[in-house]
Amino acid sequence: MSEPVKEFNDYREKMNDKILGDNNKIIKRIFNLDTNAFSEGALDVKTKELLGLVASTVLRCDDCIKYHLESSYNNGLSKEQVMETLSIATLVGGTIVIPHLRRAYEYWEALEAQDETKQG
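Residues numbered from 1 in each chain as written. Predicted model: local features only at pLDDT ≥ 70, side-chain atom pairs only at ≥ 80, totals over all residues. Heavy atoms only, no water.

Caption draft 1: Expanded view of the packing of aromatic side chains. Under the criterion given, the structure shown has two aromatic pairs. Ring geometry for phenylalanine 8 and tyrosine 107: centres 6.0 Å apart, planes at 80°, overall edge-to-face. Taken as a pair, phenylalanine 8 in helix H1 (residues 4-21) and tyrosine 107 in helix H6 (residues 98-119) lie far apart in primary sequence, 99 residues in all. A single burial state applies to phenylalanine 8 and to tyrosine 107, both of which are buried. Between tyrosine 73 and tryptophan 108 the ring centres are 5.1 Å apart and the planes differ by 80°, which places this aromatic pair in the edge-to-face class. Taken together, the residues tyrosine 73 in helix H4 (residues 62-74) and tryptophan 108 in helix H6 connect sequence positions 35 residues apart. Summarising the burial analysis for this pair, tyrosine 73 and tryptophan 108 share the class buried. (Phe/Tyr/Trp six-rings, centres within 6.5 Å; stacked < 30°, edge-to-face > 60°. Helix = DSSP H or I, 4+ residues; strand = E, 2+ residues; numbered from the N terminus. Buried < 20%, exposed > 50% of the residue type's maximum accessible area, 1.4 Å probe, protein only.)

And the structure:
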């Protein structure tokens, strides 16, 4: 059985370790900036994750969409909140983002299924 959440996270971690292991100052700063941008500030973390999800969908970055879906899920956002956010992203991005919407929905289901497997 395929484990899309585990596969995505394992690959992301492996490649991030390799990239950061090269000790490139600019890349390290970009990664740090990204981490800090999504921490608590004038906007709460949940709002920032939803903003990241909209931007990622409009820009059609499937890896980014998965990252923000998982962060949204782990921060307690509901399926309804995430799907409403994706509906705004689809409206803004146009019909070209519909394939990404499909994959986002599928990944959200994988996140839910992973939790059900852990609980069951």
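Resuming the write-up.
Caption draft 2: Broad picture of helix H5 (residues 79-93). Over its 15 residues, H5 runs 20 Å from end to end, which matches the ideal 21 Å to within 8%, given 1.5 Å per residue. Taken as a whole, H5 has its buried residues at Val82, Met83, Thr85, Leu86, Ala89 and Thr90. Within H5, the buried residues cover an arc of 155° as seen down the axis, which keeps them to one side. Exposed residues on H5 whose side chains face more than 90 degrees from its buried face are Glu80, Glu84, Leu91 and Val92. As for H5, its buried residues are in contact with helix H3 (45-58), H4 and H6. (Expected span 1.5 Å × (residues − 1). Arc of directions from axis to C-beta. Contact = heavy atoms within 4.5 Å.)

Caption draft 3: Structural detail: the packing of H1 against H6. Running from amino to carboxyl end, H1 crosses H6 at an angle of 100°, the nearest separation of the two axes being 8 Å. It follows that H1 is roughly perpendicular to H6 by the angle criterion. The residues of H6 that touch H1, namely those facing Pro4, Val5, Lys6 and Phe8, are Tyr107, Ala110, Leu111 and Gln114. Tallied by class, the residues present in the contact of H1 with H6 amount to six nonpolar, one polar and one charged. (Axes fitted to C-alpha atoms, helices over the stretch in contact; angles between N-to-C directions. Parallel < 35°, antiparallel > 145°, perpendicular 65-115°, else oblique. Nonpolar A, V, L, I, M, F, W, Y, C, P; charged D, E, K, R; others polar.)

Caption draft 4: Structural view of the state of the cysteines. On inspection of all chains with the given rule, the structure shows one disulfide. Between the sulfur of cysteine 61 and that of cysteine 64 lies a disulfide, 2.3 Å long from S to S. Judged by the torsion about the S-S bond (65°), the cysteine 61/cysteine 64 disulfide is right-handed. Its relative accessible area of 24% is what places cysteine 61 among the partly exposed residues. (Disulfide = S-S within 2.5 Å.)

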